[in-house]
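Summary of the model geometry
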Amino acid sequence: MLEIEGLTARYGSIAALRGASLSVGSGEVVGLIGPNGAGKTTLLSTIAGLMSPAEGSVTFEGQDITDHSPEQLLRSGVALVPEHRRIFADLTVEENLRIGGVTVPAAKRAELLDEMAERFEVLKEKWDVPAGYLSGGEAQQLAIGRALMSAPRLLMMDEPSLGLAPMLVDLVFELISTLRDQGRTLFVVEQNAARMLAIADRAYVLRSGEVVASGTGAELSQQEDLFDTFVGHVMSPDDNLPAAGVQGPRGDGGGTG
């Protein structure tokens, strides 16, 4: 479904991506792990049309989308759940979701709204509440729901568990597992490598803008030396510690950065 070939992206003279190549097959959950500053968010931003690559190509369902705008990509079936959620704090939960469905016909949008209310019970309870009053976990569910409102064929997530308390991290990974079981195609950047590899069909390791390893989740999870070198300490699923990163809007037990 998604093919990335030789992707290079720069911030001025600094290369954040260096000839990265990877693929995501239809119905797969593919993870992207690596240390901070490896270029993971840059890779997703480039796929999503938020950055222009200096070299390389991005192909989605056989179509070259390298230079497409974010709106074109959304209409083509590619949606991104951005890092730190980026919800509209002054708008209600329902209004945020409706914005997510702006590219689909009105009848389909109404159907998707009902689906989101059923899938995310906590959001249904706060349908008319401004999103700025949501906890970190609730805001993350809203960000995912907003992306699903576009009925994407490829859903990309950037650090969905970042800054969440352990119980909410469990909720996020349960949601990813549910979407996988429903046949969704997902490409997920995640700092909690062990949890990601436990549910990923395949995964890639990114370091200094380069793909340095790839394989099935099971294969990579057994390569402890690789993790020590490229990722640092990898939490086991039983560690259940708060992820390091940005705290949620109301302080939900996340890390302090």
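Described below are features of the structure shown in this document. (Residues numbered from 1 in each chain as written. Predicted model: local features only at pLDDT ≥ 70, side-chain atom pairs only at ≥ 80, totals over all residues. Heavy atoms only, no water.)

Turning our eyes to something else, we now look at a negative patch on the surface. A contiguous patch of negative charge, built from Asp114, Glu118, Glu121 and Glu125, is present on the exposed surface. When contributions to the negative patch are tallied by element, the ones reaching two or more residues are α4 (106–119) and α5 (121–125). Summarising the element assignment, Glu125 is placed in helix α5. (Patch = residues over 30% accessible without salt bridge, like charges linked within 9 Å, V, L, I, M, F, W, Y side chains within 5 Å. Areas by Shrake-Rupley, 256 points an atom, 1.4 Å probe, with all protein chains shown as cover. Salt bridge = Lys/Arg side-chain N within 4 Å of Asp/Glu carboxyl O. Lys, Arg positive; Asp, Glu negative; His and termini not counted. Charge placed at Lys NZ, Arg CZ, Asp CG, Glu CD. Helix = DSSP H or I, 4+ residues; strand = E, 2+ residues; numbered from the N terminus.)

What follows is about the pairing of strand β8 (residues 185–189). β8 sits mainly inside the fold: five of its five residues count as buried. The alternating pattern of β8 places Thr185, Phe187 and Val189 on one face and Leu186 and Val188 on the opposite face, and all of these are buried. Alignment of strand β3 (residues 29–33) against β8, held across four bridges, turns out to be parallel. Paired with Leu32 across the bridge in β8 is Val189. By the bridge criterion, five bridges tie strand β7 (residues 154–158) to β8 in an arrangement that is parallel. Across the sheet, residue Met157 finds its bridge partner in β8, namely Val188. Between β7 and its parallel partner β8, the chain crosses via helix α7 (residues 166–181), and the hand of that crossover is right-handed. (Buried < 20%, exposed > 50% of the residue type's maximum accessible area, 1.4 Å probe, protein only. Pairing = 2+ DSSP bridges. Right-handed = clockwise from strand over helix to strand, strands pointing away.)

Burial of nonpolar side chains together is a common tendency in soluble globular proteins. The biggest cluster of nonpolar side chains holds 45 residues, and the ones touching the most others in it are Leu97, Leu142, Leu155, Met157, Ile176 and Leu186. Top contributing element to this core by residue count: α7, with seven residues. Once residues lying within four places of it in the same chain are set aside, the contact partners of Leu142 are Ile87, Val93, Asn96, Leu97, Leu123, Ala131 and Leu134. Of all hydrophobic cores here, the second largest spans 26 residues; its members include Leu17, Val24, Leu43 and Ile65. (Core = buried A, V, L, I, M, F, W, Y, C linked by side-chain atoms within 4.5 Å. Contact = heavy atoms within 4.5 Å.)

Moving on to the packing of helix α6 (residues 136–148) against α7. Orientation of α6 relative to α7, taken along the N-to-C sense of each, is 20 degrees, at an axis distance of 10 Å. Between α6 and α7, the angle is such that the two are roughly parallel. The hand of the α6/α7 crossing is right-handed. Note on element contacts: α7 touches α6 through Leu168, Leu171, Val172, Leu175 and Leu179, opposite Gly137, Gln140, Gln141, Ile144 and Leu148. Across the contact of α6 with α7, the residue classes tally to seven nonpolar, three polar and no charged. (Axes fitted to C-alpha atoms, helices over the stretch in contact; angles between N-to-C directions. Parallel < 35°, antiparallel > 145°, perpendicular 65-115°, else oblique. Left-handed = near helix turned anticlockwise from the far one by under 90°. Nonpolar A, V, L, I, M, F, W, Y, C, P; charged D, E, K, R; others polar.)

Mapped onto the elements of the fold, Arg146 is located in helix α6. Glu95 is the oppositely charged side chain nearest to the buried, salt-bridge-free Arg146, at an N-O distance of 12 Å. A distance of 3.0 Å separates a polar atom in the side chain of Arg146 from the backbone oxygen of Arg86. Not counting chain neighbours up to four residues away, the residues in contact with Arg146 comprise Pro82, Arg85, Arg86, Ile87, Phe88, Asn96, Leu97 and Gly100. (Polar contact = N/O pair within 3.5 Å; in protein donor to acceptor, adjacent residues only side chain to side chain.)

For the rest of this paragraph, the subject is the environment of Glu159. By secondary structure assignment, the location of Glu159 is in the loop between β7 and α7. Spatially, the C-alpha atom of Glu159 lies 6.4 Å from that of Gln191, the residues being 32 residues apart in sequence. Among residues more than four places away in sequence, those in contact with Glu159 are Lys40, Glu83, Gln140, Val189, Glu190 and Gln191.

Direction vectors running N to C along helix α3 (residues 93–100) and α6 enclose 35 degrees, while the axes themselves pass 7 Å from each other. Here α3 and α6 pass one another in a crossing that is right-handed. On the side of α3, the interface is formed by Val93, Asn96, Leu97 and Gly100, while α6 contributes Leu142, Gly145 and Arg146. Residues belonging to the contact of α3 with α6 are distributed by class as follows: three nonpolar, three polar and one charged.

This brings us to α4. Between its terminal C-alpha atoms α4 stretches 20 Å, which fits the 20 Å expected from 14 residues at 1.5 Å a residue. Those residues of α4 that fall on the buried side of the exposure criterion are Leu112, Leu113, Met116 and Ala117. Seen from one end, α4 has its buried residues packed into an arc of 140 degrees, which puts them on one side. Within α4, the exposed residues directed more than 90 degrees away from the buried face are Ala107, Asp114 and Glu118. Here the buried face of α4 lies against α3, α5 and α6. (Expected span 1.5 Å × (residues − 1). Arc of directions from axis to C-beta.)

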